[in-house]
Amino acid sequence: MEHRPMRLPFVTRRTVIAAAGLGAALPFVASCGASEAQAKSFPITKSEADWRKLLTREQYRILREEGTERAFTSPLDKEKRKGIFVCAGCGNKLYSSAHKYDSGTGWPSFWQANDKGAVGTSTDYKIGYPRTEVHCADCGGHLGHIFGDGPKPSGKRHCINGLALKFVPA
């Protein structure tokens, strides 16, 4: 039996560049069809005009257009009193001060929501890779994102825009 060396495919610079381009485009292609929080139905709904009347320009940008405030700009990041953080759009009780901690990121951070029905999640591909977006379960307002680098017991960091919240002292 004759032994022949196995031939490897011929790789050119063009093949490498094409593969790199495909790899870079994959997250964007995968994001097609990803559901946004606003595409779902929520118990509290308002017209765009009503949301604009209710919210400041920046709150509207964050809650309704999924924007992000600059880090270290929200006074709620340093809020240390006992109380509850509610949705700035509808008043839903989202986060307890008992679950808040200083993550050092410049946004109010919590290791869990107030209760299981307070927030919802969806997948966000806006920056090219999947992230867990968190939104108000009652009105669908964008709050921020959830990351897996939080403290025990959950190991989660709910990184929330301060303008999406209002603080109600206990």
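Here the structure is a predicted model, which is why all the values come from computation and not from measurement. (Residues numbered from 1 in each chain as written. Predicted model: local features only at pLDDT ≥ 70, side-chain atom pairs only at ≥ 80, totals over all residues. Heavy atoms only, no water.)

Caption draft 1: Quick look at the sheet that holds strand β2 (residues 93-96). Taking strand neighbours across the sheet as the criterion, the three strands line up as β2-β1-β9 in an open arrangement whose pairing is antiparallel. The sheet terminates laterally at β2 and β9 (165-169), the two strands that pair on one side only. Across the sheet, the mean angle separating the axes of adjacent strands is 30° when strand polarity is ignored. (Pairing = 2+ DSSP bridges. Helix = DSSP H or I, 4+ residues; strand = E, 2+ residues; numbered from the N terminus. Axes fitted to C-alpha atoms, helices over the stretch in contact; angles between N-to-C directions.)

Caption draft 2: Molecular detail of the sheet that holds strand β3 (residues 100-101). A sheet is described by the order of its strands in space; here six strands give the open sequence β3-β4-β8-β7-β6-β5, paired in antiparallel fashion. At either margin of the open sheet sits one strand with a lone partner, and together these are β3 and β5 (119-124). Pairing of β3 with strand β4 (residues 109-110), which is carried by two bridges, proceeds in the antiparallel orientation. When the sheet's bridge partners are listed, lysine 100 is paired in β4 with phenylalanine 110.

Caption draft 3: Expanded view of the environment of asparagine 114. As for its position among the elements, asparagine 114 is in the loop between β4 and β5. The exposure class of asparagine 114 is partly exposed, given its relative accessible area of 26%. The spatial distance from the C-alpha of asparagine 114 to the C-alpha of lysine 93 is 6.8 Å, given a sequence separation of 21 residues. Setting aside anything within four residues of it in sequence, one finds asparagine 114 in contact with Ile84, Lys93, Leu94, Tyr95 and Ser96. (Buried < 20%, exposed > 50% of the residue type's maximum accessible area, 1.4 Å probe, protein only. Contact = heavy atoms within 4.5 Å.)

Caption draft 4: Here's a closer look at the nonpolar core. Among the nonpolar cores identified, the biggest contains 24 residues, and Leu94, Tyr95, Val119 and Leu143 are the most heavily contacted of them. Those elements giving two or more residues to this core turn out to be α3 (57-63), β1 (83-87), β2, β6 (131-136), β7 (142-147) and β9. At three residues, α3 tops the list of elements feeding residues into this core. Contact partners of tyrosine 95, with chain neighbours within four places excluded, come to Ile84, Phe85, Phe110, Gln112, Ala113, Asn114, Val119, Val134, Leu143, His158 and Ile160. (Core = buried A, V, L, I, M, F, W, Y, C linked by side-chain atoms within 4.5 Å.)

Caption draft 5: Molecular detail of the pattern of salt bridges. In this structure the tally under the stated criterion is nine salt bridges. The closest approach of N and O atoms between glutamate 48 and arginine 52, which form a salt bridge, is 3.1 Å. Note that glutamate 48 and arginine 52 are positioned in helix α2 (residues 48-54) at a spacing of four residues, about one turn of the helix. Residue class for glutamate 48 comes out partly exposed when judged on its relative accessible area of 47%. Put simply, Glu66, Asp124, Lys126 and Arg131 are held in one network by salt bridges that share partners. (Salt bridge = Lys/Arg side-chain N within 4 Å of Asp/Glu carboxyl O.)

Caption draft 6: A look at the packing of aromatic side chains. A complete count under the given rule lists three aromatic pairs for this structure. Aromatic pair phenylalanine 85 and phenylalanine 110: ring centres 5.1 Å apart, planes at 70°, arrangement edge-to-face. In this pair, phenylalanine 85 is assigned in strand β1 and phenylalanine 110 in strand β4, connecting sequence segments 25 residues apart. Residue phenylalanine 85 is classed as buried on the basis of its relative accessible area of 0%. Residue classification places phenylalanine 110 among the buried positions, given a relative accessible area of 0%. Taken together, the ring pairs connect Phe85, Tyr95, Phe110 and Phe167 into an aromatic cluster. Its end group placed over the ring of tryptophan 51, lysine 46 keeps NZ or CZ at 5.7 Å from the ring centre. Over the face of the ring belonging to tryptophan 51 we find arginine 64, whose NZ or CZ atom lies 4.2 Å from the ring centre. (Phe/Tyr/Trp six-rings, centres within 6.5 Å; stacked < 30°, edge-to-face > 60°. Lys NZ or Arg CZ within 6 Å of the ring centre and 35° of its normal.)

Caption draft 7: Spotlight on unusual backbone geometry. At the junction of lysine 152 and proline 153, the peptide bond is cis and its omega measures out at 10° in the coordinates. Within the element layout of this structure, proline 153 appears in the loop between β7 and β8 (157-160). Positioned with a positive phi, glutamate 66 is a non-glycine residue whose angle comes to about 60°. Along the chain, the position of glutamate 66 falls in the loop between α3 and β1. Take glutamate 66: its relative accessible area is 10%, and that puts it in the buried class. Unlike most non-glycine residues, phenylalanine 72 shows phi in positive territory, near 65°. Tracing the chain through its elements places phenylalanine 72 in the loop between α3 and β1.

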